[in-house]
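Structural characterization, general
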Amino acid sequence: MDFKALLQAEINRKRQKVESKDILAPNKKYFKRGDLAAKEEEEYWKRHKGGNDKKQESPEKVKDSQEEQIGQSEEKVPQLARKEVIRRLRERHEPIRLFGESDYEAYLRLKRLETDGPDAREEGFRNEFKAAMDKVDEDYFKEMVEAATSGEGGKKSNDVSIKDDGTTVEDIQKMKEEIGKGDSEKNSDIILRFLKYLLKMWGQTLNERTEDEKRTLKGKEASAIHTQTVSYLKPLFRNLKHKTIDEDILDAMVIIVHHLMHRDYLKANDAYLEMAIGNAPWPIGVTMVGIHARTGREKISSRHIAHVLNDETQRKYIQALKRLMTQCQKIFPTDPSFSVNYEKPNT
């Protein structure tokens, strides 16, 4: 095949194509490639009955509009978990969902609120122990103001608040024999009454101090710790009262309270550590460590995980329980061999 003839035929074909498009200006031998592309596009839309409306839209614009429609049809996923969005909205006293609002729209609303007012709820970002100390100082200031205006001492605001449910030492002796018999509701009632009794005795010990001792920095710190412990234990007391506490935590607390009632504080401390930080190789509760069954998987259960890592509320009342265990050792002293961090009492 003659290559020269083939090349000449291709040139003639393209020349005829350009002449048929009528894009060459008079007395000119060249044209713009953009004019040729526009002419071909016009002919394309005419062949497909696109009309003048579709002719104004380029294929690139059509493609972009289609991608935009697909993107709008797909459900948008928020960057925060739904539980976290609900918690932050409730902290700001905002509704967790408006009428017809999706999860993504609620997330965007939270984002706007945090941008407009990042410090909407100041108490959520404060140190809790400092807040308890501030409350003690505020009560002392109110007492001074009332004494100056009325000329009377009035109520001593340096005293911590005490609630007495009527539990006595004789009742504790009876509960000692009844706890741990398999009745979960009975166990919940016993634990609730015993912890409230320890709180009451601790508060009475603090209130028996002299006024000068209560107003020192150390005395204010002791009162603040008691106030903080009371607030930490409220969720636990609520769960015990309504019998909604987790079964594994209840079982652990039954063992702890049983040892406390028998004044064996070493065993109570061991049971507390097992409940708080666990003794499993996977303390955070990871049980599915692979796709195949393993021989030690049955040893990883909820009874051995670290409950202190579950959530903030649980961590707080577990910490408050440890404070009550320390006070119990002071209220009901025993032999040094059964005590934790034994301190010789002052004589």
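Residues numbered from 1 in each chain as written. Predicted model: local features only at pLDDT ≥ 70, side-chain atom pairs only at ≥ 80, totals over all residues. Heavy atoms only, no water.

This part takes up a nonpolar patch on the surface. A surface patch of nonpolar side chains, about 410 Å² in accessible area, is lined by F3, L6, L7 and I11. Mapped onto the secondary structure, I11 falls in helix α1 (residues 3–21). (Patch = residues over 30% accessible without salt bridge, like charges linked within 9 Å, V, L, I, M, F, W, Y side chains within 5 Å. Areas by Shrake-Rupley, 256 points an atom, 1.4 Å probe, with all protein chains shown as cover. Salt bridge = Lys/Arg side-chain N within 4 Å of Asp/Glu carboxyl O. Helix = DSSP H or I, 4+ residues; strand = E, 2+ residues; numbered from the N terminus.)

This part takes up the environment of L273. By the element assignment, L273 lies in helix α13 (residues 265–276). On the basis of relative accessible area, L273 is assigned to the partly exposed category, the value being 38%. For the pair L273 and K322, spaced 49 residues apart in sequence, the C-alpha separation works out to 9.6 Å. (Buried < 20%, exposed > 50% of the residue type's maximum accessible area, 1.4 Å probe, protein only.)

Counting 44 residues, the largest nonpolar core has I191, F194, L195, M253 and M275 as its most contacted members. Elements with a contribution of two residues or more to this core: α8 (169–178), α9 (184–207), α11 (217–242), α12 (247–261), α13 and α14 (312–331). When residues of this core are assigned to their parent elements, the largest contribution, ten residues, is made by α9. If we ignore the near neighbours within four places in the chain, the residues touching L195 are L236, F237, M253, L321 and L324. (Core = buried A, V, L, I, M, F, W, Y, C linked by side-chain atoms within 4.5 Å. Contact = heavy atoms within 4.5 Å.)

The next point concerns the packing of α9 against α11. Their axes nearest at 11 Å, the elements α9 and α11 cross at an angle of 165°. Accordingly, the angle class assigned to the pair α9 and α11 is roughly antiparallel. Relative to α11, the crossing made by α9 is left-handed. Listed contacts from α11 to S188, I191, L192, L195, K196, L199, W202, G203 and L206 of α9 are A222, S223, I225, H226, T229, V230, L233, L236, F237, L240 and K241. (Axes fitted to C-alpha atoms, helices over the stretch in contact; angles between N-to-C directions. Parallel < 35°, antiparallel > 145°, perpendicular 65-115°, else oblique. Left-handed = near helix turned anticlockwise from the far one by under 90°.)

Take the packing of α8 against α9 next. Contact pair α8 / α9: the axes reach a minimum separation of 11 Å and the direction vectors enclose 145°. As α8 packs across α9, the resulting crossing turns out to be left-handed. Here V169, D171, I172, M175 and E178 of α8 lie close against α9, whose contacting residues are K186, N187, I190, R193, F194 and Y197. Partitioned by chemical class, the residues of the contact of α8 with α9 number six nonpolar, one polar and four charged. (Nonpolar A, V, L, I, M, F, W, Y, C, P; charged D, E, K, R; others polar.)

With that settled, consider the pattern of salt bridges. Across all of its chains, the model carries 16 salt bridges by this definition. Residue D189 pairs with K243 through a salt bridge whose shortest N-O separation is 3.1 Å. Linking D189 in helix α9 with K243 in the loop between α11 and α12, this pair joins segments that are 54 residues apart in sequence. Note on K243: relative accessible area 34%, which makes it partly exposed. Where K267 meets D264, a salt bridge forms, and the shortest distance between an N and an O atom there is 3.9 Å.

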